[in-house]
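The lines below spell out each chain.
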Amino acid sequence: MAEWFQKARRLQQLPPYLFTEIDRKKLEAIRAGRDVINLGVGDPDLPTPEPIVASLQKHVTNPAFHRYALDQGAPEFRAAVARWFERRYGVKLDPEREVLALIGSKDGIAHLPLGVVDPGDVVLIPDPAYPGYLPFSRFAGAEVHRLELHEQNGFLPDLDAVHERLWERCKLVYLNFPNNPTAAIAPIDFYARLVELAHRYRFIIAQDAAYAEIYFADRPASILEVDGARDVAIEFHSFSKTFNMAGWRLGFAVGAPDVLAALAQVKSNCDSGVFTAIQFAGIDALEQYEALTEPLRATYRRRRDTLVDGLARLGWQLHVPQATFYVWARVPGGISSTDLASRLLDEADIVVTPGVGFGRCGEGYVRMALTVPDHRLSEAVERIARLKL
Ligand SMILES: Cc1ncc(COP(=O)(O)O)c(C=O)c1O
């Protein structure tokens, strides 16, 4: 490479990648043949259910689907999303204007600020948070402020703590419920308050519902159930966790038509839609969603109980997650989250994600993903029991 080359300044303004050292150690351990239990990644370990795979196998042979897809999604896919949304949430959507197909929800989450944010606008992003909200907010020139999530507030943002002057300059608020990494669920009156603020101060809400179908108690609500939400909010949904389809890249956004149109316009300049055969397999997934998702919830619930009960017996402080496949545990013994992650890897061959990697307010916690079988979680608990933490 020519020695004068430098990557663009916009990449240099992104936060440094905090896990280089842990990633290096993890690869080293795996290469050395150590028996690593990886609780670090939020990537479902189970295969896509057979009926969805069979549906793709059928649709992939259709030559009409080998041509460019429609940018906004096939009309059949958008209609299926609208049918599903009404069945699941009791909200009727116009498939033409209120549904947009995405190449996985990250596609929409990332590109949204390019369509709705101007340089100097304020974007509010939770802390801790999934890392996908920040980069394009910065690329769009936004002034990013964080909405702190604390245990004493049930990991909900404290809306009263945001200064009026910040609301006045705010253009976009990202939310994520059920939440990665804290596993918190938002009550509908929280959504209602934010929708009211959005109307008053004229900002957009982007609620990330990637984990909406991984729940163990009450079914999480949609922000679009709130009166007036459809004028100011969009919601992202994903097939990745709901149907173990992370590698397929299929998701959708629903809600405020003008916001979806702006996002679609950004996307029309950089991609050409989702492979239509995948959208048709997605239709079959949505149509059978009750039967396909119930076993998944049962599996994660069992795994959750194995890990949470085991760690609680060791004296760890944690809430029993009521949604998502993450356990967000307080770091025992007053050490930092990265020190704990290093010790677990060095001394027990267990990978966890240090909370600080999701933001400053994640310090003091580690995230463990329930994406390994029960016996591996039991094994992890036994290994932790042998450590003196
Ligand atoms: C909170 C959250 N939102 C969005 C995504 C992205 O999902 P998708 O596969 O639909 O792009 C993830 C993936 O881990 C996530 O944790």
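In what follows, the structure referred to is the one given above.
Note that this is a predicted model, so its numbers are computed, not measured.

Asks: Describe the sheet that holds strand 4 (residues 143-148), naming the residues involved and giving the relevant values.
Replies: Strand pairing in a sheet relies on backbone hydrogen bonds. The paired strands run either parallel or antiparallel. Pairing is mixed across the open sheet formed by seven strands, whose spatial order is 2-8-7-6-5-3-4. With partners counted over all chains shown, the strands left at the sheet margins are strand 2 (99-102) and strand 4, one partner each. Averaged over all pairs of adjacent strands, the angle between strand axes in this sheet comes to 20°, irrespective of strand direction. Sheet topology note: the strand 5 (residues 170-176)/strand 6 (residues 204-208) ladder contains five bridges and is parallel.

Asks: Could you give an account of the sheet that holds strand 12 (residues 365-369), naming the residues involved and the relevant values?
Replies: Judged by pairing direction, the sheet is antiparallel, and its three strands sit side by side in the order 9-12-11 without closing on themselves. The open sheet is flanked by strand 9 (326-330) and strand 11 (353-354), the only strands paired with a single partner. Summarising the sheet, strand 11 and strand 12 pair through two bridges and their orientation is antiparallel. Pairing of T353 across the sheet is with R367, part of strand 12.

Asks: Account for unusual backbone geometry, naming residues and giving values.
Replies: Residues D127 and P128 are joined by a peptide bond in cis, for which omega reads 5°. Along the chain, the position of P128 falls in the loop between strand 3 (122-127) and helix 6 (134-139). The omega angle of the peptide bond from N180 to P181 is 15°, so this bond is cis rather than trans. For R202, which is not a glycine, the phi torsion comes out positive at approximately 65°. Mapped onto the elements of the fold, R202 is located in the loop between helix 8 (188-201) and strand 6.

Asks: Describe the nonpolar core, naming the residues involved and giving the relevant values.
Replies: The tendency in soluble globular proteins is for nonpolar side chains to be buried side by side. Ranked by internal contacts, the top residues of the largest apolar core, which has 67 residues, are W167 and F203. When residues of this core are sorted by domain, at least three fall in each of domain 1 (9-47 + 291-386) and domain 2 (51-287). Residue contacts for F203: discarding those within four places in its chain leaves W167, C170, K171, L172, V173, L194, L197, A198 and V232.

Asks: So, empty space enclosed by the protein: which residues are in play, and what are the values?
Replies: For the coordinates displayed, the defined rule picks out one cavity of 30 Å³ or more. Volume-wise, the largest cavity comes out at about 80 Å³. For the largest cavity, the full set of lining residues is W84, A209, A210, A212, E213, H237, S238, F239, T242, F243, F252 and L286.

Asks: Give me the lowdown on the layout of surface pockets, citing residues and values where you can.
Replies: Estimated volume of the largest pocket: approximately 1,300 Å³. Residue lining of the largest pocket: 49 residues in total, with F19, Y130, P131, G132 and F358 positioned closest to the centre. Where the lining of the largest pocket is concerned, the elements lending two or more residues are helix 2 (20-31), helix 5 (105-116), helix 6, strand 4, helix 9 (239-242) and strand 11. Counted by class, the lining of the largest pocket contains 26 nonpolar, 13 polar and 10 charged residues. Two domains share the lining of the largest pocket, each providing at least three of its residues, namely domain 1 (9-47 + 291-386) and domain 2 (51-287). Of the pockets and cavities examined, the second largest pocket occupies roughly 260 Å³. For the lining of the second largest pocket, the element with the most residues is strand 9, which contributes three residues. In terms of residue class, the lining of the second largest pocket is made up of 10 nonpolar, five polar and two charged. A domain-level breakdown of the lining of the second largest pocket finds at least three residues from each of domain 1 (9-47 + 291-386) and domain 2 (51-287).

Asks: Explain the packing of helix 3 (residues 50-59) against helix 11 (residues 276-287) residue by residue, including any values.
Replies: Here helix 3 crosses helix 11 at 145°, and the two axes come no closer than 8 Å. The handedness of the crossing between helix 3 and helix 11 comes out as right-handed. Contact residues: I52, S55, L56 and H59 in helix 3; A277, I278, F280, A281, D284 and A285 in helix 11. Residue classes in the contact of helix 3 with helix 11 are distributed as seven nonpolar, two polar and one charged.

Asks: Mind laying out the packing of aromatic side chains, listing which residues take part and the relevant values?
Replies: The tally for this structure, following the rule as stated, stands at 25 aromatic pairs. With 6.4 Å between their ring centres and 15° between their planes, W167 and Y201 make a pair best called stacked. Here W167 is found in helix 7 (residues 164-169), whereas its partner Y201 is found in helix 8, with 34 residues between them in sequence. Among the residues examined, W167 registers a relative accessible area of 3% and is labelled buried. Among the residues examined, Y201 registers a relative accessible area of 12% and is labelled buried. Aromatic side chains Y211 and Y326 sit 5.4 Å apart centroid to centroid with 70° between the ring planes, which places their arrangement in the edge-to-face category. Here Y326 lies in strand 9 and Y211 lies in the loop between strand 6 and strand 7 (233-238), a separation of 115 residues in the sequence. For Y326, a relative accessible area of 1% puts it in the buried group.

Asks: Outline a nonpolar patch on the surface, supporting the account with residue identities and numerical values.
Replies: Side chains of M1, W4 and F5 sit close together on the surface and give an oily, nonpolar patch of about 480 Å² of accessible area. For W4, the position within the fold is in the segment before helix 1 (9-12). W4 sits in the exposed class, given a relative accessible area of 63%.

Asks: Explain the packing of helix 5 against helix 10 (residues 257-268) residue by residue, including any values.
Replies: Interaxial distance between helix 5 and helix 10 falls to 8 Å at its minimum, and their mutual angle equals 100°. When the axes of helix 5 and helix 10 are compared, the pair comes out roughly perpendicular. Seen from helix 5, the contacting residues are D107, G108, H111, L112, L114, G115 and V116; seen from helix 10, they are V259, A262, L263, V266 and K267. Partitioned by chemical class, the residues of the contact of helix 5 with helix 10 number seven nonpolar, three polar and two charged.

What counts as what
- Residues numbered from 1 in each chain as written.
- Predicted model: local features only at pLDDT ≥ 70, side-chain atom pairs only at ≥ 80, totals over all residues.
- Heavy atoms only, no water.
- Pairing = 2+ DSSP bridges.
- Helix = DSSP H or I, 4+ residues; strand = E, 2+ residues; numbered from the N terminus.
- Axes fitted to C-alpha atoms, helices over the stretch in contact; angles between N-to-C directions.
- Core = buried A, V, L, I, M, F, W, Y, C linked by side-chain atoms within 4.5 Å.
- Buried < 20%, exposed > 50% of the residue type's maximum accessible area, 1.4 Å probe, protein only.
- Domains from an automatic or database assignment.
- Contact = heavy atoms within 4.5 Å.
- 1 Å grid on protein atoms, 1.4 Å probe; cavity = no way out; pocket = protein on both sides within 12 Å on 5 of 7 lines; lining within 4 Å.
- Points joined across faces, edges and corners; volume = space filled by probe spheres on them.
- Nonpolar A, V, L, I, M, F, W, Y, C, P; charged D, E, K, R; others polar.
- Left-handed = near helix turned anticlockwise from the far one by under 90°.
- Phe/Tyr/Trp six-rings, centres within 6.5 Å; stacked < 30°, edge-to-face > 60°.
- Patch = residues over 30% accessible without salt bridge, like charges linked within 9 Å, V, L, I, M, F, W, Y side chains within 5 Å.
- Areas by Shrake-Rupley, 256 points an atom, 1.4 Å probe, with all protein chains shown as cover.
- Salt bridge = Lys/Arg side-chain N within 4 Å of Asp/Glu carboxyl O.
- Parallel < 35°, antiparallel > 145°, perpendicular 65-115°, else oblique.

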